[in-house]
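Overview (structure and organization)
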Amino acid sequence: MADVRIRVRPNGPLLVEGSFDLVDSADATFPSNKDKPVVALCRCGTSENAPFCDGSHNRSGFKSEPLAPSE
Ligand code: FES
């Protein structure tokens, strides 16, 4: 099983669970809260706290519910 699990929330963020580093385009690491087991990453593009989800997807009407292909 993978060390990191990423779950696509319907019409919302990516929930990342596990141990990982989140780095920006200059390779600087975003601070993390080791006590918080899940991080929500914005995939709607409207968060004012990018790359983290701030709940703005609820107000923006973002619709996306991709499903993995069935095997
Ligand atoms: S997914 Fe939540 S603010 Fe973008």
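Residues numbered from 1 in each chain as written. Predicted model: local features only at pLDDT ≥ 70, side-chain atom pairs only at ≥ 80, totals over all residues. Heavy atoms only, no water.

A few points about the overall build of the protein chain
- If you tally the helices and strands in the protein chain, you get one helix and three strands.
- Considered along the principal axes of its C-alpha atoms, the protein chain spans approximately 35 × 30 × 25 Å.
- With 71 residues in all, the protein chain has 15% of them scored as buried.
- Sequence-distant contacts in the protein chain: of pairs separated by 6 or more residues, those separated by 24 or more amount to 33%.
- A total accessible area of about 5600 Å² is found for the protein chain, and carbon and sulfur atoms account for 50% of it.
- Distance between charge centroids for the protein chain: 9 Å, based on 8 positive and 10 negative side chains. (Helix = DSSP H or I, 4+ residues; strand = E, 2+ residues; numbered from the N terminus. Buried < 20%, exposed > 50% of the residue type's maximum accessible area, 1.4 Å probe, protein only. Contact = heavy atoms within 4.5 Å. Areas by Shrake-Rupley, 256 points an atom, 1.4 Å probe, with all protein chains shown as cover. Lys, Arg positive; Asp, Glu negative; His and termini not counted. Charge placed at Lys NZ, Arg CZ, Asp CG, Glu CD.)

A word on the sheet that holds strand β3 (residues 38-41)
- One open sheet holds the three strands; their spatial order is β1-β2-β3, and the pairing between them is antiparallel. Two strands lie at the open edges of the sheet, namely β1 (4-8) and β3, each paired on one side alone. Put simply, the sheet's adjacent strands are angled 20° from each other on average, direction ignored.
- Here β1 pairs with strand β2 (residues 14-18) via five bridges, running antiparallel. (Pairing = 2+ DSSP bridges. Axes fitted to C-alpha atoms, helices over the stretch in contact; angles between N-to-C directions.)

Focus on the pairing of β3
- Of the two faces of β3, only the one carrying Val-39 and Leu-41 is buried; Val-38 and Ala-40 on the other face are not.
- Note that β2 and β3 share four bridges and pair antiparallel. The residue bridging Leu-15 from the neighbouring strand is Ala-40, located in β3.

Overview of unusual backbone geometry
- For the bond running from Ala-50 to Pro-51, omega is 10°, close enough to zero to count as cis.
- Mapped onto the fold, Pro-51 is located in the loop between β3 and α1 (57-60).
- Of note in the backbone geometry, Asn-11 takes a positive phi value of approximately 60° without being a glycine.
- Inspection of the secondary structure puts Asn-11 in the loop between β1 and β2.
- Its relative accessible area of 24% is what places Asn-11 among the partly exposed residues.
- Look at Asp-27: it is not a glycine, yet its phi comes out positive at around 70°.
- As for its placement among the helices and strands, Asp-27 is situated in the loop between β2 and β3.

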